[in-house]
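Structural characterization, general
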Amino acid sequence: MDDNNNILGCFVSSTIGDDNGVLFRTYIYSDNGIYDTLKRLKHKNYGKDLILILFQFYVNPIAYELQNLKEIENYRKKERAIGIPVIINNKNFFSKSEEDRYSFLKQFILQKLDVLAEVIKKKKLDTNIELLKSDLKNILD
């Protein structure tokens, strides 16, 4: 399987030994995780300027990390990629039911694509973000 064609990727950062980090990874990478769903979308279907949107999940980030996270990172032209930080903590994720956790992830990803749409428009990137959002909504339902 070639993951290099996926337009949506995931990265999880957590403190070593953090049980919440281990738990959160199951929501991303397990058989029921969202990564298997996200990787069905291929970058070639949405344009040529953006080949990777990386959701960077930070589980219970330390204060230093929080201070340095942006809502959305700068577009990396050489890599044709952009990173989208997502803070995962007790308030927005771990205190919720399993169903609400999945719902949070789906809604958050879709909301971040709205923010990304503004960047794409401002940078005049050849990326059909509306089609991507539509396709993503369809596969997440």
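Check the entry above for the structure.
Residues numbered from 1 in each chain as written. Predicted model: local features only at pLDDT ≥ 70, side-chain atom pairs only at ≥ 80, totals over all residues. Heavy atoms only, no water.

1. Points about the pairing of strand β3 (residues 81–88)
Quick note on the threshold: Under the scheme applied here, a residue whose accessible area is under 20% of the maximum for its type counts as buried, over 50% as exposed, and between as partly exposed, the area being computed with a 1.4 Å probe on protein chains only. Secondary structure counts use DSSP, requiring at least four H or I residues in a row for a helix and at least two E residues in a row for a strand, with both numbered from the N terminus. The pairing criterion for strands is at least two bridges between them, as found by DSSP. The handedness of a crossover follows from its direction of travel: if, with the strands pointing away from the viewer, the path from the first strand over the helix to the second runs clockwise, the crossover is right-handed.
The buried fraction of β3 is high, at seven of eight residues. As defined by bridge partners, strand β2 (residues 52–59) adjoins β3 across eight bridges and the pair is classed as parallel. Paired with F57 across the bridge in β3 is V86. Crossover connection from β2 via helix α3 (residues 63–68) to parallel β3: handedness right-handed.

2. Some thoughts on the nonpolar core
Nonpolar side chains in soluble globular proteins generally cluster together in the buried interior. Rule in force here: Grouping buried Ala, Val, Leu, Ile, Met, Phe, Trp, Tyr and Cys residues that are joined through side-chain atoms within 4.5 Å yields what is termed a nonpolar core. Any pair of residues with heavy atoms lying within 4.5 Å of one another is described as a contacting pair.
Residues F24, I53, F57, I88, L105, L116 and L136 are the most contacted members of the largest nonpolar core, which totals 42 residues. Secondary structure elements with two or more residues in this core: β1 (8–13), α1 (19–29), α2 (34–38), β2, β3, α4 (90–94), α5 (98–123) and α6 (129–140). The greatest single-element share of this core, amounting to eleven residues, is contributed by α5. Apart from the residues within four sequence positions on either side, L105 is in contact with F24, Y27, I28, I34, F57, I88 and F93.

3. What about the side chain of D18?
Our working definition: Only four residue types enter the charge count: Lys and Arg as positive, Asp and Glu as negative, with His and the chain ends excluded. What makes a salt bridge here is a side-chain nitrogen of Lys or Arg within 4 Å of a carboxyl oxygen of Asp or Glu, nothing more. Polar contacts, as used here, are pairs of N or O atoms within 3.5 Å; protein pairs need one atom able to donate a hydrogen and one able to accept it. Residues neighboring in sequence count only if both atoms are side-chain atoms.
Tracing the chain through its elements places D18 in the loop between β1 and α1. For the buried D18, which has no salt bridge, the nearest side chain bearing the opposite charge is R25, at an N-O separation of 7.6 Å. Polar contacts involving the side chain of D18 include one to the main-chain amide nitrogen of N20, which spans 2.9 Å. Among all residues touching D18, those that are not within four sequence positions of it are V59 and N60.

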